[in-house]
Amino acid sequence: MKFLVRRYRAVLAAAGLFVLFLFVLPGYQTKAIEIIGFQAKIILLVIPPTFVLLGLLDVWVPREQMIRFMGPGSGLKGGTLAFFLGSFAAGPLYAAFPVAAILMKKGAGFTNILIFIGAWSTTKIPMFLFENAALGSRFAFSRLAIDIPGIVLIAMAIKTLVPETEIERLYAKAEKMN
Amino acid sequence: MDTIILYMVAGACLAWSFLKNRQKTRTALKKAFKAFEAILPPFLVVLVLVSIVLAVLDGPTISLILGKDSGFRGVLIASLVGAITLIPGFVAFPAAAALLQGGAGATQIAAFVSSLMMVGVVTLPLEIQFFGKRVAILRNVLAYGFSLIVAVFVGWVVSL
């Protein structure tokens, strides 16, 4: 109970603020309740299947095997695998950095690692389905369509613009991390 | 309609997983619930705050700041907010949907969503730890520029 209160302290504060807001500014009551209801409806409808998908991806995607085929010079196949590895992920972008360090350790090529980071940041499959439901298929599909070449171009641009010695330094650094 | 597709995909995957391996399916559902529980508190806070802000901002105000006619200035504001803030997509999408309903333009919302996901100013120090200054800054700058292109493209497709 104590644990729950501590964990939801901020939520309780926000809820209190919301009630206070409704009382102090009654003019906004209808609209505030309408908007919170609109958002809650999307969330309650869309979140359960999205998280089921996230859990299933986490359990079924064979990460170790995929990394083996992502070495430098693995070409289109390695890039595609890196893209899917990132897209099957769960969690915010900053959770991808430690995973990227592991990929470096295991010998994935640098362009592939950058593709992995790009995919993790913006083309995660469960998030795409969520976006599709919340913002419409035109929005979600057009964003996905331009993101795929964009991720590859950004990865290639970084690889070209950063000197080889810097990349070697990053690999050596990743080797020392655990 | 799109929600139905989501349920169908999730249901089909779940059924397939259950037939293949019950133990793994149980682990997956446990993980799903844990992940959900983990994001719930920050999620509810943002939900409440966004609702208050959106209630106060009336349609004309939203349109003025982020509407179709706000043009490049609106895109710039939306993309900067997206680049600086750290909001999980699960919270950002419903808020973005509410903004769209309230009169924001698709181009502006796409700029926000794209820079929110690809650019991380707050997490830059962490990114530098793993990728060094050069790569991290370059990645964020390129991702920000790309987000503006995404905004124009998505806005155009939605308007078709």
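Note that the structure is predicted; figures quoted are calculated from it, not measured.

1. Considering the domain arrangement of chain B
All names here are of chain B.
Right, so step 1: Domain annotation of chain B identifies domain 1 (1-54) and domain 2 (57-160).
Right, so step 2: For domain 1 versus domain 2, the separation of C-alpha centres amounts to 24 Å.
Right, so step 3: Facing 6 residues of domain 1, the contacting portion of domain 2 comprises 8 residues.
Right, so step 4: Here domain 1 packs against domain 2, burying approximately 630 Å² in sum over the two surfaces, 82% of which is carbon and sulfur.
Right, so step 5: Three residues, F43, V46 and L54, lead the burial of domain 1 against domain 2; their summed loss comes to 64% of the area buried on that side.

2. Brief notes about the side chain of T50 of chain A
Right, so step 1: Note on placement: T50 of chain A falls in helix α3 (residues 29-60).
Right, so step 2: The contacts of T50 of chain A, once residues within four sequence positions are left out, are P126 and F130 of chain A together with L6 and F90 of chain B.

3. Observations concerning the nonpolar core
Right, so step 1: Of all hydrophobic cores here, the largest spans 106 residues; its most connected members are F110 and F116 of chain A together with F90, V113 and F131 of chain B.
Right, so step 2: Once you skip the residues sitting within four places of it in the chain, F90 of chain B turns out to touch I47, T50, F51, L54, M127 and F130 of chain A together with I39 and F43 of chain B.

4. Notes on a nonpolar patch on the surface
Right, so step 1: Taken together, Y94 of chain A together with F72, L76, L80, I84, L86, V121, V122 and L126 of chain B make up a surface patch of nonpolar side chains, about 800 Å² in accessible area.
Right, so step 2: Looking at the nonpolar patch element by element, the count peaks at 4 residues for helix α4 (residues 71-84) of chain B.
Right, so step 3: Along the polypeptide, V121 of chain B turns up in the loop between α6 (106-118) and α7 (124-159).
Right, so step 4: The class of V121 of chain B is partly exposed, set by a relative accessible area of 44%.

5. Re the domain arrangement of chain A
Right, so step 1: Split by domain assignment, chain A resolves into domain 1 (1-45) and domain 2 (61-176).
Right, so step 2: Averaged C-alpha coordinates put domain 1 of chain A and domain 2 of chain A at centres separated by 37 Å.

6. Comments concerning the packing of aromatic side chains
Right, so step 1: The full count for this structure, using the stated rule, is 12 aromatic pairs over all chains.
Right, so step 2: Where F83 of chain A meets F84 of chain A, the ring centres are 5.9 Å apart and the plane angle is 80°; that geometry is what we call edge-to-face.
Right, so step 3: Overall, F84 of chain A belongs to the partly exposed group, its relative accessible area being 35%.
Right, so step 4: Considering the side-chain rings of F130 of chain A and F93 of chain B, the 5.7 Å spacing of their centres and the 85° angle between planes classify their relative orientation as edge-to-face. Taken as a pair, F130 of chain A in helix α8 (residues 125-135) and F93 of chain B in helix α5 (residues 89-101) lie in two separate chains rather than in one. Note on accessibility: F130 of chain A and F93 of chain B belong to one class, buried.
Right, so step 5: Members of the aromatic cluster, connected to one another through ring pairs, are F97, F110 and Y171 of chain A together with F131 of chain B.
Right, so step 6: Over the ring of W60 of chain A we find K24 of chain B; its NZ or CZ atom is 4.3 Å from the centre of that ring.

7. Focus on the interface of chain A and chain B
Right, so step 1: At the junction of the two partners, chain A supplies 74 residues and chain B supplies 80 residues.
Right, so step 2: For the pair chain A and chain B, the summed buried area comes to about 6,900 Å², and 79% of that belongs to carbon and sulfur atoms.
Right, so step 3: When residues of chain A are sorted by the area they lose upon contact with chain B, F51, W60 and F97 of chain A head the list and together hold 10% of the total.
Right, so step 4: Where chain A touches chain B, the interface holds 1 salt bridge.
Right, so step 5: One salt bridge connects R7 of chain A with E37 of chain B, and the closest N-O pair in it is separated by 3.1 Å.
Right, so step 6: Across the chain A-chain B interface, the total number found is 8 residue pairs in polar contact (both at pLDDT 80 or more).
Right, so step 7: Mapped by element, the contributors of at least two residues to the side of chain A that touches chain B are α2 (9-24), α3, α6 (96-105), α7 (110-122), α8, α9 (137-161) and α10 (164-176) of chain A.
Right, so step 8: Of the residues that constitute the side of chain A that touches chain B, the class distribution is 54 nonpolar, 10 polar and 10 charged.

8. Considering the pattern of salt bridges
Residue and element names in this part refer to chain A.
Right, so step 1: Scanning the model with the defined rule gives 6 salt bridges over all chains in all.
Right, so step 2: Between R143 and E131 there is a salt bridge, with its nearest N and O atoms 2.8 Å apart. A residue pair is termed long-range when its members are at least 10 positions apart, and R143 in helix α9 and E131 in helix α8 qualify at 12 residues. Residue R143 shares its accessibility class with E131, and that shared class is buried.
Right, so step 3: Taken together, the salt bridges that share partners define one network made up of E131, R143 and D147.

The rules we used
- Residues numbered from 1 in each chain as written.
- Chains lettered and ligands numbered in written order.
- Predicted model: local features only at pLDDT ≥ 70, side-chain atom pairs only at ≥ 80, totals over all residues.
- Heavy atoms only, no water.
- Domains from an automatic or database assignment.
- Contact = heavy atoms within 4.5 Å.
- Buried area = accessible area lost by both parts, 1.4 Å probe.
- Helix = DSSP H or I, 4+ residues; strand = E, 2+ residues; numbered from the N terminus.
- Core = buried A, V, L, I, M, F, W, Y, C linked by side-chain atoms within 4.5 Å.
- Buried < 20%, exposed > 50% of the residue type's maximum accessible area, 1.4 Å probe, protein only.
- Patch = residues over 30% accessible without salt bridge, like charges linked within 9 Å, V, L, I, M, F, W, Y side chains within 5 Å.
- Areas by Shrake-Rupley, 256 points an atom, 1.4 Å probe, with all protein chains shown as cover.
- Salt bridge = Lys/Arg side-chain N within 4 Å of Asp/Glu carboxyl O.
- Phe/Tyr/Trp six-rings, centres within 6.5 Å; stacked < 30°, edge-to-face > 60°.
- Lys NZ or Arg CZ within 6 Å of the ring centre and 35° of its normal.
- Polar contact = N/O pair within 3.5 Å; in protein donor to acceptor, adjacent residues only side chain to side chain.
- Nonpolar A, V, L, I, M, F, W, Y, C, P; charged D, E, K, R; others polar.

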